[in-house]
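Letter by letter, the chains look like this.
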Amino acid sequence: MKTVRNEIYYHLQRGPMWSIGDVRFVGLQTNNYYAYFADNAHNYEDPITHRIIPTLELVLYLEEYIKTGIKNENNKYSYDILSSIKCIRNTLFNYSRFLREYLFEEVRSRSFSDYPSRQKGMSVISKKNDIQYWIKTLGISIESGTLLELSLTGRLHEASHKDIKLNTNSFNGIRRQAYNYWLTDKVEEDPFVGNECIFEGTAIVCNRIMVKDFLSRTNYESFLEDENIKFLSKKMDVDQLRKIILDEQPIRDTYGFSHGQRVANNCNLLATPGANRVVMYLFAFLHDTFRNEGESKIEYGVQSSEKLKGMRKVLLKNISDNEFDLLQETFRAHSAKMRTGNPTIDTCLDANRLDVIRRGADIYVDSQQMATERGKYFSENISEFIKISGNDYKKIY
């Protein structure tokens, strides 16, 4: 825990809007996050019968159905299994959150009473690099969410989001987790997980920006600073490239600009002397540009290859015919082949495969599917790859 004085932090807002210049006193009453538990039930509304079914009763209905295979019509339950499981999951998550907050506050009040309360304090973000992580984690709307820049004076406790991970341990196990959380003094940087800060004191709103505008600005600045983009600018109009991969595309996670940046970085790590850098970087930044939701991998690989023809006389006019043909072949291979024997194509395939860990450090990368020796090695030594690559997996959009 530390005392801050007129220091800048960030807050993602989806409740009542604060205005620039507002002065807010944080910690005087229960915050919205904890207050939610007091007034919100977690029951199941049947999509067919519209009957409200308590979640515990729902579990009994499912258990009986699994045992007997018989649907009891007297229950006025339509046995929509998927929606039932989602309801049970959401109920478990919400009660787990409540229990975590209740026990964390119990430990704080007993042993760390001068620390800011998680039940009354405000969650803020200390680093700009963590903002994208929290937009995704909190489910903040890109279109309507707001990011506040705040000047804070008061008490603040910072810890990794890993330190408050939900679990179904014993109450005493969660109390031990809470004790370690409150003991946190220094947080080590994690390429996958952001830090969370709890603050009590005075907050002054210095600036506010829509989440969509923040992400657009961040991507634009990152685009201008990217060394691989600078290399491509020697071959093509960088403004046209920016227009295609940023301005004309919706802001999205998983397949956004940051994914392209990491694939380009991975290409640099995997490439052998015979690989073509122009083709590798163009693949990295363009290969998901034409992806449509619901389209099969084979379909979008072939169609994306065809759409490159529309760029041949404009964006791609200065690359050679051999490079253009190789780029098209790489696009097609991306969705249909495991390996080709071509150093450029195989480097691109493995560079893209290795970025699957953007979905979580515990995601398994199958070494048998890798096309290059270095790709296979790094797939079997992911911790080393993460360290060497320097990729930031908190950049999601």
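In what follows, the structure referred to is the one given above.
(A) Spatial organisation of the packing of aromatic side chains. This model, assessed by the stated rule, comprises 23 aromatic pairs. Geometrically, the ring pair formed by Phe-37 and Phe-98 is edge-to-face, given 5.7 Å between the ring centres and 65° between the ring planes. Residue Phe-37 is located in helix α1 (residues 32-39), and its partner Phe-98 is located in helix α3 (residues 81-111); the two are separated by 61 residues in the primary sequence. On the basis of relative accessible area, Phe-37 is assigned to the buried category, the value being 15%. Residues Tyr-115 and Trp-182 carry aromatic rings whose centres are separated by 6.0 Å and whose planes lie at 80° to one another, so their mutual orientation is edge-to-face. A residue pair is termed long-range when its members are at least 10 positions apart, and Tyr-115 in the loop between α3 and β5 (122-124) and Trp-182 in helix α5 (residues 171-183) qualify at 67 residues. No difference in accessibility class separates Tyr-115 from Trp-182, as the two residues are buried. Every member of this aromatic cluster is reached through a ring pair, and the members are Tyr-33, Tyr-34, Tyr-36, Phe-37, Phe-98 and Tyr-102. Cation over ring: Arg-277 sits above Phe-231, and NZ or CZ is 4.0 Å from the ring centre.

(B) Structural view of a nonpolar patch on the surface. Residues Val-23, Phe-25, Leu-28 and Ile-204 make up a contiguous nonpolar surface patch of about 420 Å² in total accessible area. In this structure, Val-23 sits in strand β2 (residues 23-26). Judged by its relative accessible area of 44%, Val-23 is partly exposed.

(C) The arrangement of the nonpolar core in detail. One finds Ile-135, Ile-245, Leu-282, Leu-286 and Leu-316 to be the most contacted residues of the largest nonpolar core, which totals 67 residues. It is helix α10 (residues 277-286) that provides the largest number of residues to this core, a total of nine residues. With residues near it in sequence (within four places) discarded, Leu-316 still touches Met-236, Leu-282, Leu-308, Met-311, Phe-324 and Leu-327. Counting residues in hydrophobic clusters, the runner-up holds 14 residues, among them Tyr-9, Trp-18, Leu-152 and Phe-199.

(D) Just the packing of helix α4 (residues 131-138) against helix α6 (residues 211-225), in detail. α6 packs onto α4 with a crossing angle of 140° between their chain directions and a minimal axis gap of 11 Å. When the axes of α4 and α6 are compared, the pair comes out oblique. Of the two possible hands of crossing, α4 and α6 adopt the one that is left-handed. For the pair α4 and α6, the contacting residues are Ile-131, Gln-132 and Ile-135 in the first and Val-211, Phe-214, Leu-215, Thr-218 and Asn-219 in the second. Class assignment for the residues of the contact of α4 with α6 results in five nonpolar, three polar and no charged.

(E) Seen up close, the pattern of salt bridges. Applying the stated rule across the entire model yields 24 salt bridges. A single salt-bridge network, built from bridges that share partners, covers Arg-100, Glu-101, Arg-118 and Glu-196.

(F) Molecular detail of the layout of surface pockets. As a volume, the second largest pocket reaches approximately 610 Å³. In terms of lining, the second largest pocket is formed by 24 residues, of which the most central are Asn-129, Gln-132, Thr-218, Ser-222 and Lys-395. Sorting the residues of the lining of the second largest pocket by element identifies β6 (146-160), β7 (195-210), α6 and α9 (257-270) as the ones contributing at least two each. The leading source of residues in the lining of the second largest pocket is α6, at six residues.

(G) View of the side chain of Ser-84. Tracing the backbone through its elements, the reader meets Ser-84 in helix α3. Using a relative accessible area of 0% as the deciding quantity, one classes Ser-84 as buried. Side chain to side chain, Ser-84 and Tyr-77 meet in a polar contact 2.6 Å long. If we ignore the near neighbours within four places in the chain, the residues touching Ser-84 are Tyr-44, Leu-58, Leu-62 and Tyr-77.

(H) A look at unusual backbone geometry. In this model, Lys-76 sits at a positive phi of 55°, which is unusual for a non-glycine residue. On the secondary structure map, Lys-76 appears in the loop between α2 (55-68) and α3. Backbone geometry places Tyr-79, a non-glycine residue, at a positive phi of 60°. Looking at the element boundaries, Tyr-79 is found in the loop between α2 and α3.

(I) Up close: α5. With 13 residues, α5 ought to run about 18 Å at 1.5 Å a step, and its terminal C-alpha atoms sit 18 Å apart, in line with that. Within α5, the full set of buried residues consists of Gly-173, Ile-174, Gln-177, Ala-178, Tyr-181 and Trp-182.

(J) View of the environment of Ile-204. Counting through the fold element by element, Ile-204 comes out in strand β7. Since its relative accessible area comes to 32%, Ile-204 is described here as partly exposed. Separated by 53 residues in sequence, Ile-204 and Ser-151 have C-alpha atoms that sit 5.1 Å apart. Beyond its immediate sequence surroundings of up to four residues, Ile-204 is in contact with Asp-22, Val-23, Glu-149, Leu-150 and Ser-151.

(K) Seen up close, the pairing of β7. Pairing between β2 and β7: four bridges, direction antiparallel. Following the sheet pairing, Val-23 is matched in β7 by Ile-204. Direction of pairing for β6 relative to β7: antiparallel, over a ladder of 15 bridges. Across the sheet, Leu-148 pairs through a bridge with Arg-208, a residue of β7.

Reading the values: rules and limits
Residues numbered from 1 in each chain as written. Predicted model: local features only at pLDDT ≥ 70, side-chain atom pairs only at ≥ 80, totals over all residues. Heavy atoms only, no water. Phe/Tyr/Trp six-rings, centres within 6.5 Å; stacked < 30°, edge-to-face > 60°. Helix = DSSP H or I, 4+ residues; strand = E, 2+ residues; numbered from the N terminus. Buried < 20%, exposed > 50% of the residue type's maximum accessible area, 1.4 Å probe, protein only. Lys NZ or Arg CZ within 6 Å of the ring centre and 35° of its normal. Patch = residues over 30% accessible without salt bridge, like charges linked within 9 Å, V, L, I, M, F, W, Y side chains within 5 Å. Areas by Shrake-Rupley, 256 points an atom, 1.4 Å probe, with all protein chains shown as cover. Salt bridge = Lys/Arg side-chain N within 4 Å of Asp/Glu carboxyl O. Core = buried A, V, L, I, M, F, W, Y, C linked by side-chain atoms within 4.5 Å. Contact = heavy atoms within 4.5 Å. Axes fitted to C-alpha atoms, helices over the stretch in contact; angles between N-to-C directions. Parallel < 35°, antiparallel > 145°, perpendicular 65-115°, else oblique. Left-handed = near helix turned anticlockwise from the far one by under 90°. Nonpolar A, V, L, I, M, F, W, Y, C, P; charged D, E, K, R; others polar. 1 Å grid on protein atoms, 1.4 Å probe; cavity = no way out; pocket = protein on both sides within 12 Å on 5 of 7 lines; lining within 4 Å. Points joined across faces, edges and corners; volume = space filled by probe spheres on them. Polar contact = N/O pair within 3.5 Å; in protein donor to acceptor, adjacent residues only side chain to side chain. Expected span 1.5 Å × (residues − 1). Pairing = 2+ DSSP bridges.

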